[in-house]
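# Breakdown of the fold
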Amino acid sequence: MLDFLSDLKRTHMCGELRASDAGSKVVLMGWVNKRRDLGNLIFLDLRDRSGIAQVVITSDAGAEVHDRATAVRSEFVVAVVGHVKLRDTNTVNKNIPTGEIEVIADELRILNDCKPLPFTPADAVLANEEVRLKHRYVDLRRPEMQYNIELRHRVSIAIREYLNSQGFYEIETPFMTRSTPEGARDYLVPSRVYPGEFYALPQSPQLFKQILMISGFDRYFQIVRCFRDEDLRADRQPEFTQIDLEISFARPEMVFRVVEGFLVAAFSTIGVELETPFPTTSYDQAIREYGIDKPDMRLPKMTEVREAFAPENLETSHVDPELPVVAIVIPKVGELSRKERDEIKTLFGERKDAKVFEDIKRLEKSFPDAVVKIRNLAQLGADDLIVIVAGAKRTQAASAVKARQQAYGVYSAAGQLRLALGQKYAERHGAFKHGNFRLLWVTDFPMFEWDETEQRWNAAHHPFTSPHEQDMDKLESDPGGVRALAYDVVLNGTELGSGSIRIHRQDIQAKIFKALGMSPEEQQSRFGFFLEALQYGTPPHGGIALGLDRIVMILAGAESLREVIPFPKTAKAVDLMVDAPTPVSERQLKELGIAVVGKKDL
């Protein structure tokens, strides 16, 4: 029989009780984490979001209380009235903060029962993720999930308080707006009032936050939900939360200092003190030193060692003397077996554009002088692993643009191998241990990317990003050489956020659209309202957006965004708990003027 709460009020959270509370009368409420029945004694581990307290039901409590305790099972919701008692020295549980005390129950109310569970929050081994997501309300009771969601809250509050202290206004922007695709697909919302017309859920508040700068609000931020209909990965969700901000009269360094400030506040929630300012590198330098535009700086940078070889040495090794020769160093790996060295080739894969030399000793037999120079250039330690990656010999000369692409291809191949080796030998070098946080600003990204399929230039960031003032004259003559005033903040090889200084002049915006091959009609159709707004006194401005989900995932040491989002989707964009998406009725479709076309008809 279930009980009513009536006028009973909780006095303490389960995890708050300490030895100093001994002798106090308390009222606890929560879920039964575990039950142990020893006949005359019944122990209940009572859990709420603050932690666990041990409740003891003795024969002194009376038959009614004892019978109720006998009926209790895991995840029943109960209220306990009792008094706090110090545990005997030999029964103290040092694994939990409340381990010095227990609560002797005088009254026990069963507020609700629980049907048989697919898993319990107390299980040592995690259930299958699909089962956990289907029963998310049970999964969220696990201490790890409770901690992750609490951490998310604390990080959000810390960021809000910091930005408020810096003069930012938190301003909401619309969720239902017009479709202006930014690279990924929009989620569309049909209008019943205007049949055949659609709103779109925002991929970001980009245009609205720029309009807020035009409107004179000077400093805006928002912790905002955004939506992208794209393929998923462990670090992506179709709906996600970002920390969005914009500053009037901004230069990149202004944005950097603000972001560093709120990241310092966020990381302090787990007791980590970040050093500021974060180091800065250009996109071009990042590619050359790390082979990627989001470098993981926990591993040493790559070293260009082509100068160690004479051109004829490279020729005899079927290496192109005009392409990079890169040394990868992974610290403290020690001596590798022949089998382990062969596995390096497997990690590198079959490539036509680059070659790998996994055995420095074998290379030393052919080119002893070159290897001495390589060891010096790469500052090789006694137990360090060194691997050389070089560009494969080309069959014919390439244009300047093609040669640059081929050089970047070698750096990219080396960068991928560097990360793979770092992961493979992580236990040996220890650089990837949780808590080793290395942050970096990457700047001066290319303004445009060439689309080989469409034979046109695309915006590498978004079309409202300002080019460098020094590169304005290249917009028509050399779009590939134009640098953007764009920047990313990177943590341990993960892009936390991306931003830029925006275009605030309508004439420059028109030049960018022209460089992108966008007709005046297309410009007006997609961005007419914004182009008009630019003509009404737009200040210089810039901003950034960082993924809150990613930040919390890294702080929590989680492997997936799904571990830090209360109600996530699966990798197939399905919500297993509510069973969404689902079909809707013909009546709803008719009201919206929509007909569903089956896959076979597409």
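Residues numbered from 1 in each chain as written. Predicted model: local features only at pLDDT ≥ 70, side-chain atom pairs only at ≥ 80, totals over all residues. Heavy atoms only, no water.

From N to C terminus, the chain includes 18 helices and 21 strands. With respect to the principal axes defined by its C-alpha atoms, the chain has extents near 95 × 70 × 55 Å. The long-range fraction of contacts in the chain, counting pairs at least 24 apart against all pairs at least 6 apart in sequence, stands at 68%. Taken as two groups, the 78 positive and 88 negative side-chain charges of the chain have centres that lie 2 Å from each other. (Helix = DSSP H or I, 4+ residues; strand = E, 2+ residues; numbered from the N terminus. Contact = heavy atoms within 4.5 Å. Lys, Arg positive; Asp, Glu negative; His and termini not counted. Charge placed at Lys NZ, Arg CZ, Asp CG, Glu CD.)

Quick look at helix α4 (residues 143–165) now. In this model, α4 (23 residues) spans 33 Å end to end at C-alpha, consistent with the 33 Å of a helix rising 1.5 Å per residue. When we look at burial in α4, the residues that qualify are Met 145, Asn 148, Leu 151, Arg 152, Val 155, Ser 156, Ala 158, Ile 159, Tyr 162 and Leu 163. Looking at the buried side of α4, the elements it contacts are α2 (129–134), α3 (136–139), β9 (219–227), β10 (239–248), α6 (252–267) and α17 (548–556). Looking one or two residues past α4, Gly 167 carries a phi angle of roughly 85°, positive in sign. (Expected span 1.5 Å × (residues − 1). Buried < 20%, exposed > 50% of the residue type's maximum accessible area, 1.4 Å probe, protein only.)

A few words now on the packing of helix α7 (residues 283–290) against helix α12 (residues 400–424). At a closest axis distance of 7 Å, the pairing of α7 and α12 adopts a crossing angle of 55°. In terms of their interaxial angle, α7 and α12 are classed as oblique. Along its contact with α7, which presents Tyr 283, Asp 284, Ile 287, Arg 288 and Tyr 290, the element α12 presents Arg 404, Tyr 408, Tyr 411, Gly 415 and Arg 418. Looking at the contact of α7 with α12 residue by residue, the classes come out as five nonpolar, one polar and four charged. (Axes fitted to C-alpha atoms, helices over the stretch in contact; angles between N-to-C directions. Parallel < 35°, antiparallel > 145°, perpendicular 65-115°, else oblique. Nonpolar A, V, L, I, M, F, W, Y, C, P; charged D, E, K, R; others polar.)

In the sheet, strand β3 (residues 51–57) pairs with strand β5 (residues 101–112) via two bridges, with the strands oriented parallel. Counted as the bridge partner of Val 56 is Ile 104 from β5. When strand β4 (residues 77–86) meets β5, the two strands line up antiparallel, connected through 10 bridges. For Val 77, the partnering residue across the bridge sits in β5 and is Asn 112. (Pairing = 2+ DSSP bridges.)

This part covers the packing of helix α5 (residues 206–214) against helix α16 (residues 520–533). With their axes 10 Å apart at the nearest point, α5 and α16 run at an angle of 15° to one another. Judged on the interaxial angle alone, α16 and α5 are roughly parallel. Crossing of α5 against α16: the hand is left-handed. Contacts between α5 and α16 involve Leu 207, Gln 210, Ile 211 and Ile 214 from the first element and Phe 527, Phe 529, Phe 530 and Ala 533 from the second. Partitioned by chemical class, the residues of the contact of α5 with α16 number seven nonpolar, one polar and no charged. (Left-handed = near helix turned anticlockwise from the far one by under 90°.)

This next bit is on the packing of aromatic side chains. Applying the stated criterion across every chain, the model contains 16 aromatic pairs. Taken together, a centroid distance of 6.4 Å and an interplanar angle of 65° make the contact between Tyr 169 and Phe 217 edge-to-face. Highlighted residues: Tyr 169 in strand β6 (residues 169–170) and Phe 217 in the loop between α5 and β9, separated in sequence by 48 residues. Among the residues examined, Phe 217 registers a relative accessible area of 35% and is labelled partly exposed. Ring plane angle 75° and centroid distance 5.2 Å describe the contact between Phe 464 and Phe 530, whose orientation is recorded as edge-to-face. Remark: Phe 530 occurs in helix α16 and Phe 464 occurs in the loop between β18 (456–459) and α14 (474–477); sequence separation between them is 66 residues. The same class applies to Phe 464 and to Phe 530, which are both buried. (Phe/Tyr/Trp six-rings, centres within 6.5 Å; stacked < 30°, edge-to-face > 60°.)

Next up on the list: the pattern of salt bridges. One pass over the structure, following the stated rule, counts 45 salt bridges. For the salt bridge of Glu 102 with Lys 85, the shortest nitrogen-to-oxygen distance reads 3.8 Å. Placement of Glu 102 in strand β5 and of Lys 85 in strand β4 is noted, with a sequence separation of 17 residues between them. The class of Lys 85 is partly exposed, set by a relative accessible area of 33%. Where Asp 320 meets Arg 394, a salt bridge forms, and the shortest distance between an N and an O atom there is 2.7 Å. Within this pair, whereas Asp 320 is found in the loop between α8 (311–316) and β13 (325–330), its partner Arg 394 is found in the loop between β15 (385–391) and α12, the two being separated by 74 residues in sequence. For Arg 394, a relative accessible area of 22% corresponds to the partly exposed category. Taken together, the shared-partner salt bridges connect Arg 132, Arg 136, Asp 139, Arg 142, Glu 144 and Glu 563 into one network. (Salt bridge = Lys/Arg side-chain N within 4 Å of Asp/Glu carboxyl O.)

This brings us to unusual backbone geometry. Following Thr 276, the chain continues to Pro 277 via a peptide bond in cis, the omega torsion being -5°. Along the chain, Pro 277 falls in the loop between α6 and β11 (280–282). Cis rather than trans, the peptide bond between Ala 580 and Pro 581 has omega equal to 5°. The backbone phi angle of Asn 492 is positive, close to 50°, even though this residue is not glycine. With respect to the element layout, Asn 492 can be found in the loop between β19 (486–491) and β20 (494–501). Note on Asn 492: relative accessible area 13%, which makes it buried.

Turning our attention to the sheet that holds strand β14 (residues 354–357). Adjacent strands of a sheet pair through backbone hydrogen bonds, lying either parallel or antiparallel. Across the sheet, which stays open at both edges, the four strands sit in the order β12-β13-β15-β14 with antiparallel pairing between neighbours. Each having just a single partner strand, β12 (303–304) and β14 make up the two edges of the open sheet. In this structure, β14 lies alongside β15, joined through four bridges in antiparallel fashion. Counted as the bridge partner of Ala 354 is Gly 391 from β15. Sitting on the sheet, α12 is in contact with β12, β13, β14 and β15, with an inclination near 10° to β13.

A surface patch of nonpolar side chains, amounting to about 280 Å² of accessible area, comprises Phe 175, Met 176 and Tyr 199. Overall, the relative accessible area of 45% leaves Met 176 in the partly exposed class. (Patch = residues over 30% accessible without salt bridge, like charges linked within 9 Å, V, L, I, M, F, W, Y side chains within 5 Å. Areas by Shrake-Rupley, 256 points an atom, 1.4 Å probe, with all protein chains shown as cover.)

This part covers the sheet that holds β11. Read from one edge to the other, the open sheet built from eight strands follows the order β6-β9-β10-β21-β20-β19-β16-β11, with strand pairing classed as mixed. The open sheet is flanked by β6 and β11, the only strands paired with a single partner. Of the pairings in the sheet, the one linking strand β16 (residues 439–443) to β19 comprises five bridges and is antiparallel in character. Looking at β19, one finds that Leu 439 is bridged to Leu 491. Packing of α7 onto the sheet brings it into contact with β11 and β16, and relative to β11 it is tilted by some 90°.

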